[in-house]
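Report on the structure
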Amino acid sequence: MERSLTLGKDQRKAAFGDFQTPPSLARLCCHFLKEMGQLEPASIVEPTCGVGGFLKAALESFPKAHAFGFEINPKYLSAARESLAEYSERLSLESCDFFTEDWSERLKVIPGPILILGNPPWVTNAELTRLGSENRPGRRNQKKTRGIEALTGASNFDISEWIIKHLVDQLKGRDFQLAMLCKSSVARKILASYWAEDRSFSEAFLSLVDAPKYFGAAVDACFFCLSSISQGPKDMTALVCSDFQRTSESRIGYSNGRLIADIETYKKVEELAGLSPLKWRSGLKHDCSKVMEFRRENGQWINGLNDAVDIEDEALYPLLKSSDLMKPTLAKPRRFVIVTQQKIGQETDSLELKWPKTWAYLNRHGEALSARRSSIYKNKPRFSIFGIGDYSFTQWKVAISGFSAKIHFHVVAPYEKKTVMLDDTCYFLPFLSKVEAELACQLLNSQESIDYYSSLIFWNNKRPVTAAILGTLDLVKLAERLGLHESKAFQGMLAANRKPQAPQTP
Ligand SMILES: C[S@@+](CC[C@H](N)C(=O)[O-])C[C@H]1O[C@@H](n2cnc3c(N)ncnc32)[C@H](O)[C@@H]1O
């Protein structure tokens, strides 16, 4: 028996991604679609219709269309039948398991133009695995189905991503519109994957939805619409509306294999795109802040367990965290971190002689350090850290937090004659001199750089700023545009970064 059938009610609901759309939201969506869409549907298809909230709103908004609703849960299907009785002449409801249905055959006999509408389950493949549920693609009758990996590019994916792409694929060559509630990240992944295949659409738009208000879920959600009409122009951009009232709008697009958050701004600074001549690094990772991080009180080192600890000062480096970098002005480091290695994988046994008190301290907390869950620590020297290398020890850095809500870089200066470490949620460029760091920071905080990065970044992402995005700005092109490329400091910075650097320990 499928394990999900033996689950409790809440787990079963989770396994079926079961959050019915409130009628008020369904009405807003259908109203928005009618205003924005180019297509007058002859048929409306709701593949996971639940109790029929979306179908009702669609039947009201499109009075000439016939609606076809499908649902796996028989109780929901009877509730839908009851609540939609007045529309019975324009409505067909059927029990159906989305993942075993042959949608290609099914859609063939439904008169076009088709509007596919709804709110597919909001659950990930990983969550279903955890729940032991088989309610997902790939188990039976998957003829004419692209493999999950091919469709989603990953083993952990949102089921709704698979559902939407599967439906769009079945409609290739036909006029259709698809309009579904889903996570914004899902809508973006779908657009990126089609645009990567050079597939353009007649229209794509999404309106952000207040998911906490309507579903009590802290998710970045949207109403996502995609249409393909044989006549007329097609392109590879999508309009993003901040809400159904279209309070503010921007347009996402695609360039150089990358999704662009604001294609209009990007076009103005596109020439800066390239490869950074300097490598962006992430900060130090140790996954055990209670043991590895300290504050200083009355000349004593106090760890995260509030124990006063006697260890060698040389083992500790000042530390700045994401929260420090997110402030407009950088304060003095309040924390210090034990740095056990100078490069990844370096043996740590020699610490016993070098810093005996630190060694004894680490051994006292050996259990906590060995219990670090990330697999990166497996089969590595004891007390290993990550995000460490020559670059960590340069005296000067230019840094930004991965959690930033806007583009603002800081020069990180040495503190108490020691280089300052950054935590693993920060990104930085290492520099040998103050003048080079200040110049790089000036370049990176220029309006051109801010426009460039802001056009690429999806600010609602959990960690919007990433090393991958930072690395796409060519600092040489930026310096040229700002007339700073011939300065001694800029040339020095480039030359220094071409040579391998020895650790600059104080
Ligand atoms: C997020 S709810 C949305 C319901 C409805 N579309 C609405 O907007 O109110 C997802 C629906 O998908 C249904 N569902 C889950 N797995 C399904 C499957 N394999 N086949 C068909 N429907 C399914 C659930 O029972 C649930 O009613």
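Up top you'll find the structure we're talking about.
All values derive from a computational prediction rather than experimental measurement.

Rules used in this analysis
Each chain carries its own residue numbering, running from 1 in the direction its sequence is written. Reporting in this predicted model follows two pLDDT cut-offs: at least 70 for local features of residues, and 80 or more for side-chain atom pairs to be given and counted; totals over whole chains, interfaces and linings ignore these cut-offs and use all residues. Remark: hydrogens and water are excluded; side-chain values derive from all non-hydrogen atoms of the structure. Starting at the N terminus, helices and strands are each numbered in turn, a helix being any DSSP run of H or I of at least four residues and a strand any DSSP run of E of at least two. Any residue under 20% of the maximum accessible area for its type is buried, any over 50% is exposed, and the rest in between are partly exposed; the area is computed with a 1.4 Å probe on protein chains only. What makes two residues a contact is simply this: any of their non-hydrogen atoms within 4.5 Å. Surface exposure here means Shrake-Rupley accessible area, sampled with a 1.4 Å probe, where a residue is shielded only by the protein chains that are shown. Asp and Glu count as negative and Lys and Arg as positive, but His and the ends of the chain are not part of the count. For the purpose of locating charges, the reference atoms are NZ of Lys, CZ of Arg, CG of Asp and CD of Glu. We call two strands paired when DSSP finds no fewer than two bridges between them. A fitted line through C-alpha atoms serves as each axis, taken over the contacting stretch for helices, and the angle formed by two N-to-C directions is quoted from 0 to 180°. Definitions used throughout: a 1 Å grid over protein atoms alone; a cavity as a set of points that fits a 1.4 Å probe which cannot get out; a pocket as an open set with protein on both sides within 12 Å along at least five of seven lines; a lining residue as one with an atom within 4 Å of a point. Grid points are joined across faces, edges and corners, and a volume is the space filled by probe spheres set on the points. Nonpolar residues are Ala, Val, Leu, Ile, Met, Phe, Trp, Tyr, Cys and Pro. Charged residues are Asp, Glu, Lys and Arg, and all others, Gly as well, are polar. Of all possible arcs, the one meant is that of the directions from the helix axis to the C-beta atoms. Two N or O atoms form a polar contact when they lie within 3.5 Å of each other; inside protein one atom must be a possible hydrogen donor and the other a possible acceptor, and for residues adjacent in sequence the pair counts only when both atoms belong to side chains. Nearness here has a simple test: a residue counts as near a molecule or strand if at least one of its heavy atoms is within 4 Å of that partner.

1. Examining the overall build of the protein
In terms of regular secondary structure, the protein is built from 21 helices and 20 strands. Across its three principal axes, the protein shows a C-alpha extent of roughly 85 × 60 × 40 Å. When burial is assessed residue by residue, the protein has 52% of its 506 residues classed as buried. Contacts spanning at least 24 positions in sequence make up 72% of the contacts within the protein whose residues lie at least 6 apart. Surface exposure of the protein reaches about 23100 Å², of which carbon and sulfur atoms provide 50%. With 66 positive and 59 negative side-chain charges, the protein shows a separation of 3 Å between the mean positions of the two kinds.

2. Here we look at the sheet that holds strand β9 (residues 249-255)
Pairing in this open sheet of ten strands is mixed, and the strands run β3-β2-β1-β4-β5-β7-β6-β8-β9-β10 from one edge to the other. Of all the strands in the sheet, just β3 (91-95) and β10 (258-260) have a single pairing partner and so form its edges. On average, each strand axis in the sheet is tilted by 20° relative to the strand beside it, whichever way the strands run. The sheet contact formed by strand β1 (residues 43-46) and strand β4 (residues 114-118) spans three bridges and is parallel. Residue pairing for β4: Ser43 is matched across the bridge by Ile114. Across the face of the sheet, helix α3 (residues 53-61) comes into contact with β1, β2 (66-71), β3, β4, β5 (176-183) and β7 (221-228) while running at roughly 175° to β2.

3. Section: the layout of surface pockets
Considering only enclosed or pocket space, the second largest pocket measures out at about 400 Å³ in volume. What lines the second largest pocket is a set of 22 residues, among which Leu208, Val240, Ser250, Ala261 and Phe458 lie closest to the centre. Elements with a minimum of two residues in the lining of the second largest pocket: α9 (184-196), β6 (203-209), β8 (238-241), β9 and α18 (447-456). Among the residues forming the lining of the second largest pocket, the class breakdown is nine nonpolar, eight polar and five charged.

4. Section: empty space enclosed by the protein
The full count for this structure, using the stated rule, is two cavities of 30 Å³ or more. Approximately 30 Å³ is the volume attributed to the second largest cavity. Taken together, Gly283, Leu284, Gly387, Ser392, Lys397, Met421, Leu422 and Phe428 make up the full set of residues lining the second largest cavity. Across the lining of the second largest cavity, the residue classes tally to four nonpolar, three polar and one charged.

5. Description of helix α4 (residues 74-83)
Taken together, the buried positions of α4 are Tyr76, Leu77 and Ala80. For α4, the angular spread of the buried residues around the axis is 100°, confining them to a single face. Summarising the geometry of α4, the exposed residues directed more than 90 degrees from the buried face are Pro74, Lys75 and Glu82. Taking the backbone nitrogen of Lys75 as reference, a side-chain oxygen 2.9 Å away marks Asn73 as the first, capping residue of α4.

6. As for the site of the ligand
Near the ligand, the surroundings consist of 21 residues, among which Thr21, Glu46, Thr48, Glu71 and Phe98 are the closest. Here a nitrogen atom of the ligand and a backbone polar atom of Thr48 are 2.6 Å apart. Contacts to the ligand include Asn135, whose side-chain N or O atom sits 2.8 Å from a nitrogen atom. Classifying every residue of the shell around the ligand gives eleven nonpolar, seven polar and three charged.

7. Considerations on the environment of Leu484
Among the secondary structure elements, Leu484 is positioned in the loop between α20 (475-481) and α21 (488-498). On a C-alpha basis, the gap between Leu484 and Leu443 in space is 8.6 Å, while along the polypeptide they are 41 residues apart. When near neighbours in sequence (up to four residues on either side) are disregarded, Leu484 contacts Leu439, Gln442, Leu443, Ala479 and Phe490.

Read these as geometric descriptors, not functional statements.
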